[in-house]
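Structural description and commentary
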Amino acid sequence: MPELALVNGKIVPLDQARVPIEDRGYQFGDAIYDVIDSYAGKLFCLDLHLDRMERSMKALSFPPIPREKIRGYIVELFEKAGIAKAGIYVQISRGVAPRNHGFPRDAQPQIIMTIRSSSGLPLELTEHGVKMITVPDLRWGRCDIKTVQLLPNVLAKQQALNAGAFDAIFIAEDGVVREATSSNLFIAKNGVLFTHPLTQNILPGISRRMVLAMCEESGIEIVESFFDVGRMLDADEVFVTGTITDILGVVEIDGKPIGEGTVGPICRRLNRSLVERAENSPCP
Ligand SMILES: Cc1ncc(COP(=O)(O)O)c(C=O)c1O
């Protein structure tokens, strides 16, 4: 299957795609991004991703880009690549201009995309769960905007990998558990789920939203509230949610087992429903 890129509407083989070195995304991290997955040949929740891109661009005062233009590029790239289970990366920068902190007056936003096969996580991880570590949250104060400024996330992920863990969980200065480096986090205690409320300190994940919708439909109680590391370690289950991870059980944090140290029943049930939904039914 061809791995392709799209640069401002032009589709090329991925290894031939180039961007100018004065792109502000490259020099300032002045760009937003999103990641869309397909299941069984269908893009999942494309409109929710388009909503989030619009919101991110508005928050950064980018000039408006017609939604249908972005949708058209994504669909064209997806159809041309013909990959049934694909991951599409979309990045939109403020534009290309001589390096200067202030916004350039005439620059046009640059839209780039890549498409690759997305096999998802190895089944073994979904089956047996993953280990995590906690790290202080050193990110900026607008983590609700999906920008490419991911250096703290990259460093935290690497710290986790160096420690033999799968990922890192960001903890606020006051001890509140926020999210992982590329996923939202949930805990379960006595059959009730808890997750960090939508504030400027976490990304409004689309998989998170899906979990809220599925819980409402199936009668699982879910509370959006703050909780600290102690409550997380004392939970019956911990899991993370994201476009790439789907719903992934966390069985050990900072060397301490969570619950029985195995993937819990709520996590398994929700993950099955999410994949089923993505393969068969429209986005809720
Ligand atoms: C920091 C962070 N939190 C949460 C998520 C999960 O978001 P989604 O479910 O939309 O993939 C991501 C995804 O990239 C992320 O980077």
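It should be noted that the structure appears before, not after, this text.
In short, a report on the structure. All figures in this text were calculated on a predicted structure; none of them were measured in a lab. (Residues numbered from 1 in each chain as written. Predicted model: local features only at pLDDT ≥ 70, side-chain atom pairs only at ≥ 80, totals over all residues. Heavy atoms only, no water.)

1. Here we look at helix α8 (residues 265–280)
For the record, the criterion: The way it works is that DSSP assigns letters per residue, a run of H or I at least four long becomes a helix, a run of E at least two long becomes a strand, and they are numbered from the N terminus. One less than the residue count of a helix, multiplied by 1.5 Å, gives the span that helix is expected to have. Three exposure classes are used, based on accessible area relative to the maximum for each residue type with a 1.4 Å probe and protein chains only: buried under 20%, partly exposed in between, and exposed over 50%. Arc definition: directions from the helix axis to the C-beta atoms.
An ideal rise of 1.5 Å per residue puts 22 Å on 16 residues; α8 measures up with 22 Å between its terminal C-alpha atoms. All of the buried residues along α8 are Ile266, Cys267, Leu270, Asn271, Leu274, Arg277 and Ala278. End-on, the buried residues of α8 take up no more than an arc of 135°, which puts them together on one face. When the buried face of α8 is taken as reference, the exposed residues oriented beyond 90 degrees from it are Pro265, Arg272, Glu276 and Asn280.

2. Points about the packing of helix α2 (residues 46–59) against helix α3 (residues 67–81)
For clarity, the cut-off: Lines fitted to the C-alpha atoms define the axes, with helices restricted to the stretch that makes contact. Angles between their N-to-C directions range from 0 to 180 degrees. Orientation categories follow fixed angle ranges, with anything under 35 degrees roughly parallel, anything over 145 roughly antiparallel, 65 to 115 roughly perpendicular, and all other angles oblique. Each crossing gets its handedness from the near helix: less than a right angle anticlockwise from the far helix is left-handed, clockwise is right-handed. Throughout, a residue-residue contact means that at least one pair of heavy atoms, one from each residue, lies within 4.5 Å.
In contact at an axis separation of 11 Å, α2 and α3 are set at 130° when each is read in the N-to-C sense. Viewed along their axes, α2 and α3 adopt a mutual orientation that is oblique. Crossing of α2 over α3 shows right-handed handedness. Residues Leu46, Asp47, Leu50, Asp51, Met53, Glu54 and Met57 of α2 touch α3, and the partners they reach there are Arg67, Ile70, Arg71, Ile74 and Val75.

3. What about the pairing of strand β2 (residues 10–13)?
Inclusion rule: For two strands to be treated as a pair, DSSP must find at least two bridges joining them.
Here strand β1 (residues 4–7) runs beside β2; their pairing, made up of 4 bridges, is antiparallel. Across the sheet, Leu6 pairs through a bridge with Ile11, a residue of β2. Once β1 ends, the chain turns through 2 residues before running back antiparallel as β2, passing Asn8 with a positive phi of about 50°.

4. Concerning the environment of Ile36
Tracing the sequence through the fold places Ile36 in strand β3 (residues 31–39). According to the relative accessible area criterion, Ile36 is buried, its value standing at 0%. Taking C-alpha positions, Ile36 is 9.9 Å from Ile206, a pair spaced 170 residues apart along the chain. In this structure Ile36 touches Leu43, Phe44, Leu46, His49, Met53, Ile74, Ala86, Gly87, Ile88, Val90 and Thr243, once residues within four positions along its chain are discounted.

5. With respect to the sheet that holds β3
Hydrogen bonding along the main chain pairs the strands of a sheet, whether they run parallel or antiparallel. Strand order in the open sheet formed by 6 strands is β2-β1-β6-β5-β3-β4, with antiparallel pairing between adjacent strands. On the outer flanks of this sheet lie β2 and β4 (42–43), each paired with one strand and no other. Sheet analysis places β3 next to strand β5 (residues 86–93), joined by 7 bridges and oriented antiparallel. Along β5, the bridge assignment pairs Ile32 with Ile92. The strands touched by α2 are β3, β4 and β5; relative to β3, the strand with the most contacts, the crossing angle is about 175°. The strands that α3 touches are β1, β2, β3, β4, β5 and β6 (110–117); relative to β6, the one it contacts most, it runs at about 30°.

6. With respect to the nonpolar core
In plain terms, the rule: Side-chain atoms within 4.5 Å are what join buried Ala, Val, Leu, Ile, Met, Phe, Trp, Tyr and Cys residues into a set we call a nonpolar core.
Ile70, Ile74, Ile92, Met113 and Ile115 are the most contacted members of the largest nonpolar core, which totals 27 residues. Secondary-structure elements contributing two or more residues to this core are β1, β3, α2, α3, β5 and β6. If you tally residues by element for this core, the top one is α3, at 6 residues. For Ile115, the residues in contact, after removing those within four places along its chain, are Glu3, Leu4, Leu14, Leu77, Phe78, Ala81, Ile83, Ala86, Gly87 and Ile88. One finds Tyr39, Met210, Ile220 and Leu274 within the second-largest nonpolar core, a separate group that totals 22 residues.

7. Quick look at the environment of Pro197
As for its placement among the helices and strands, Pro197 is situated in the loop between β11 (192–195) and α6 (206–218). Residue Pro197 is classed as buried on the basis of its relative accessible area of 16%. With residues near it in sequence (within four places) discarded, Pro197 still touches Ile202, Arg208, Glu224, Ser225 and Phe226.

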